[in-house]
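Notes for the structure review
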Amino acid sequence: SQKIEQNSEALNIQEGKTATLTCNYTNYSPAYLQWYRQDPGRGPVFLLLIRENEKEKRKERLKVTFDTTLKQSLFHITASQPADSATYLCALPKEGGSYIPTFGRGTSLIVHP
Amino acid sequence: EAQVTQNPRYLITVTGKKLTVTCSQNMNHEYMSWYRQDPGLGLRQIYYSMNVEVTDKGDVPEGYKVSRKEKRNFPLILESPSPNQTSLYFCASSPRTSAGGYEQYFGPGTRLTVT
């Protein structure tokens, strides 16, 4: 069955550095992949969507790549700031192309000043 | 302001006492969903709706009911809550687009404790 893997260990980096988070998936080829940001006790907020025919997508300091051969997406935050500290979730449509998205468990990012 | 609202935000109740968590969106979205989030388990979908009067089970529907009588509202009903339903609940809505993608807009969450 479909599985989404995100590093459960928190990523600690220094302010100004580039943070890179990984999302791996198994067993099928999704038409797109999404990234969300979640702050403690709050609802996730949509950040970016990348489609299977796109290798890379950018939005301000954010960059997402999508490697359908490796079944992996990388999420980069350049020039990171303490305000970027949050949990980042990736999400894929369920196998079969249905509307139902499946979320990874998220990776916590901590940016130290 | 475009938003998804949930009420109540916090609720402590006792086992077996029926409760309803309301969800409303003002963006005219076709799709709505309910999730629960538990430590170590991430976000899991309970039910979803693709249109008025159209609902379907997600990954963890046991113990929950939903209804979609109006496009903007999607209440979550716990007929007989049990302690294992203690969780943080999120409602989400999403527009139907021809390109697909289904970007989701989440509500602020409802923290439910069942004793």
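Structure's up top.
Now for a description of the structure that goes with this document. Quantities reported herein were computed from a predicted structural model and do not represent experimental measurements.

1. Here we look at the overall build of chain A
Counting its regular elements, chain A contains zero helices and 11 strands. Helices and strands appear in chain A in the N-to-C order β-β-β-β-β-β-β-β-β-β-β. Computed over its C-alpha atoms, the radius of gyration of chain A comes to 14 Å, within 12% of the 13 Å expected for a compact globule of 113 residues. Split into buried and exposed, the 113 residues of chain A put 46% on the buried side. Across chain A, the fraction of contacts at a sequence separation of at least 24, relative to all contacts at a separation of at least 6, is 54%. Accessible area of chain A: about 5600 Å², with a carbon and sulfur share of 47%.

2. A word on the environment of Ser-67 of chain B
Position of Ser-67 of chain B relative to the elements: it lies in the loop between strand S7 (65–66) and strand S8 (76–78). Apart from residues lying up to four places away in sequence, Ser-67 of chain B is in contact with Asn-73, Phe-74 and Pro-75 of chain B.

3. Thoughts on the state of the cysteines
All names here are of chain B. Within the structure shown, the criterion is met by two disulfides over all chains. Cys-23 shares a disulfide with Cys-91; S-S distance 1.8 Å. Here the S-S torsion is close to -70°, and the disulfide linking Cys-23 with Cys-91 is therefore left-handed. Separated by 68 residues along the polypeptide, Cys-23 in strand S3 (residues 19–25) and Cys-91 in strand S9 (residues 87–94) bring together distant segments of the chain. Summarising the burial analysis for this pair, Cys-23 and Cys-91 share the class buried.

4. Some points on the pairing of strand S6 (residues 54–57) of chain B
All names here are of chain B. For strand S5 (residues 42–51) and S6, the ladder comprises four bridges, and the chain directions are antiparallel. Of the residues in S6, the one forming a bridge with Tyr-48 is Asp-56. Linking two consecutive strands that pair antiparallel, namely S5 and S6, is a turn of two residues; a positive phi of about 65° is found at Glu-53 within it.

5. Remarks on unusual backbone geometry
Note the cis peptide between Asn-7 of chain B and Pro-8 of chain B, where omega equals -5°. Positive phi values are uncommon outside glycine, yet Lys-71 of chain A reaches one of about 55°. Positionally, Lys-71 of chain A belongs in the loop between strand S7 (62–67) and strand S8 (72–77). Residue classification places Lys-71 of chain A among the partly exposed positions, given a relative accessible area of 23%.

6. Quick look at the interface of chain A and chain B
Taken together, the 18 residues of chain A in the interface contact 27 residues of chain B. Between chain A and chain B, a total of about 1800 Å² is buried, with carbon and sulfur atoms accounting for 56% of that surface. Where chain A packs against chain B, one counts zero salt bridges. Linking chain A with chain B are three residue pairs in polar contact (both at pLDDT 80 or more), by the criterion used here. Contributing elements (two or more residues each) for the side of chain A that touches chain B: strand S4 (32–38), strand S5 (45–51) and strand S10 (101–103) of chain A. Sorting elements by how many residues they give to the side of chain A that touches chain B places S4 of chain A first, with four residues.

7. Remarks on the nonpolar core
Counting residues in each nonpolar core, the largest one holds 23 residues, and the members touching the most others are Leu-33, Trp-35, Phe-75, Ile-77, Tyr-88 and Leu-109 of chain A. Leu-109 of chain A has contacts with Leu-11, Ile-13, Ala-19, Ile-77, Asp-84, Ser-85, Ala-86 and Tyr-88 of chain A, leaving out every residue within four places of it along the chain. Membership of the second largest hydrophobic core comes to 19 residues, among which are Met-27, Trp-34, Ile-46 and Phe-74 of chain B.

Conventions and cut-offs
- Residues numbered from 1 in each chain as written.
- Chains lettered and ligands numbered in written order.
- Predicted model: local features only at pLDDT ≥ 70, side-chain atom pairs only at ≥ 80, totals over all residues.
- Heavy atoms only, no water.
- Helix = DSSP H or I, 4+ residues; strand = E, 2+ residues; numbered from the N terminus.
- Rg over C-alpha atoms; globule rule 2.2 N^0.38 Å.
- Buried < 20%, exposed > 50% of the residue type's maximum accessible area, 1.4 Å probe, protein only.
- Contact = heavy atoms within 4.5 Å.
- Areas by Shrake-Rupley, 256 points an atom, 1.4 Å probe, with all protein chains shown as cover.
- Disulfide = S-S within 2.5 Å.
- Pairing = 2+ DSSP bridges.
- Buried area = accessible area lost by both parts, 1.4 Å probe.
- Salt bridge = Lys/Arg side-chain N within 4 Å of Asp/Glu carboxyl O.
- Polar contact = N/O pair within 3.5 Å; in protein donor to acceptor, adjacent residues only side chain to side chain.
- Core = buried A, V, L, I, M, F, W, Y, C linked by side-chain atoms within 4.5 Å.

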